[in-house]
Amino acid sequence: MFAPRRAARLSTVRRLSPAKRQFTTALQNGFLDLAISLPFPSSLPPYSTTIILLTVVSRLAFTVPFSIWAKKRQWRAEELVVPALQEAKPLVEKQVLHDLRVEQARGTKDELRKLYSERVKKAMVARRNALFAEHRCRPWATMLIPPLSQLPLFVGTSMFLSRLAQPPTVFDSESFLTLTSLAHADPTAALPIALGMLTLANVESARWFVSAAAREREVREEQRLEERRAQGHIVLQPRKIVQSGLRLLSVGRILIAAMVPGSVVLYWVSSATFGLLQTWVFDYWERRRANLRMLAVSQQPAITAGSVVIKAKSTPAPGPVPQQRRK
């Protein structure tokens, strides 16, 4: 029963295989022709320089737009959702307390406090989700879409360069930095170690440009989590879990990079360097934007006071009424 379907499927794979092979061969020949035709100086190795150039162009074209999109969503969450939640919290607490009084809830002091906290938390979560949907800045999409958009490009380019490094290949005739050949692994492991250091710096540099307001929020959040731990609650911090995973990834990338061809290592190092520079630019951009907002808020009362003074000066004070002379 299933034999005809399986035979048809195998025949389809065999028919598609030559087309895929021709497409891959065309991409490889196109890359090699591009590397030779680009007007690089004679001091620069053509294939290595082309790998670096294509890394920068592909990151600018395919990953930076998603990163900017995610950054704008993050700003909407920080500037619109968080202040709205802070304003709504006293009202929600007042409404929950009123509902409990209307319901005439009974119980011990601890039970009533627990019921009050649960209802406030539930109402605030519902309000937060509604604000996220209203301003189109749900956190899961902001966190997942940028790395997921980079994954196909990263894997596809790595597989493409790895296939290009299979013998016989022209990569055998070119060396770059500590790579004796783009077709073989780095014998000194210098580039793999540099890759691990770049990955670790990208993880740790997120705290180098943190603004004072963000640092205060982190301190308050840590205090709140410590209070919950003291009460016996199990607290999970996804951000710290991700950072710990990325630190382990930086060590794992060193081990993997020491075994792959030099062309792949060069692409990984170029991509990691671009990612680190992008992180620095975005952090500087965010810090400068926060400073401009604080400056605008601090100057607003001064401008208002100045306008009042100008208005007072522009209106002349009435003088004394002249008295008529008696005849």
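About the cut-offs
- Residues numbered from 1 in each chain as written.
- Predicted model: local features only at pLDDT ≥ 70, side-chain atom pairs only at ≥ 80, totals over all residues.
- Heavy atoms only, no water.
- Helix = DSSP H or I, 4+ residues; strand = E, 2+ residues; numbered from the N terminus.
- Buried < 20%, exposed > 50% of the residue type's maximum accessible area, 1.4 Å probe, protein only.
- Contact = heavy atoms within 4.5 Å.
- Areas by Shrake-Rupley, 256 points an atom, 1.4 Å probe, with all protein chains shown as cover.
- pLDDT = per-residue confidence, 0-100.
- Expected span 1.5 Å × (residues − 1).

Participant: Explain the overall build of the chain here, please?
Facilitator: Helix and strand counts for the chain come out as eight helices and zero strands. Helices (α) and strands (β) of the chain occur, in sequence order from the N terminus, as α-α-α-α-α-α-α-α. Residues classed as buried in the chain amount to 28% of the 327 residues present. Considering only intrachain contacts with a sequence separation of at least 6, the fraction spanning at least 24 residues in the chain is 71%. With an accessible surface of roughly 23100 Å², the chain has 64% of that area assigned to carbon and sulfur atoms.

Participant: Help me understand unusual backbone geometry in this model?
Facilitator: A negative phi angle is the norm for most residues apart from glycine, just as the trans form is the norm for most peptide bonds. Note that the residue after P167, namely P168, is joined by a cis bond; omega there is -5 degrees. One can find P168 in the loop between α4 (139–164) and α5 (190–204). In the Ramachandran plot, R136 falls in the positive-phi region, its phi being about 55 degrees despite a non-glycine side chain. Within the secondary structure, R136 sits in the loop between α3 (109–135) and α4. In this model, L177 sits at a positive phi of 50 degrees, which is unusual for a non-glycine residue. Structurally, the position occupied by L177 is in the loop between α4 and α5.

Participant: Hey, could you run me through the confidence of the model for the chain in this one?
Facilitator: Note that predicted coordinates carrying low pLDDT should not be read in detail. Averaged over every residue, the pLDDT of the chain is 77; the share at 70 or more is 74%. Ignoring residues within four places in sequence, the model shows residues 1–16, a span with pLDDT below 50, making zero contacts including any to other chains.

Participant: I would appreciate a short explanation of α4 in the present structure.
Facilitator: An α-helical segment advances 3.6 residues per turn. Residues three or four places apart therefore align on the same side. Across its 26 residues, α4 extends 39 Å between first and last C-alpha, which sits within 8% of the 38 Å expected from 1.5 Å per residue. For α4, the set of buried residues is A141, T142, P146, S149, L153, S158, L161 and L164.

Participant: Explanation requested: the environment of V56 in the structure shown.
Facilitator: Tracing the sequence through the fold places V56 in helix α2 (residues 46–103). The partly exposed category is assigned to V56, whose relative accessible area is 31%. For the pair V56 and S271, spaced 215 residues apart in sequence, the C-alpha to C-alpha distance is 7.4 Å.

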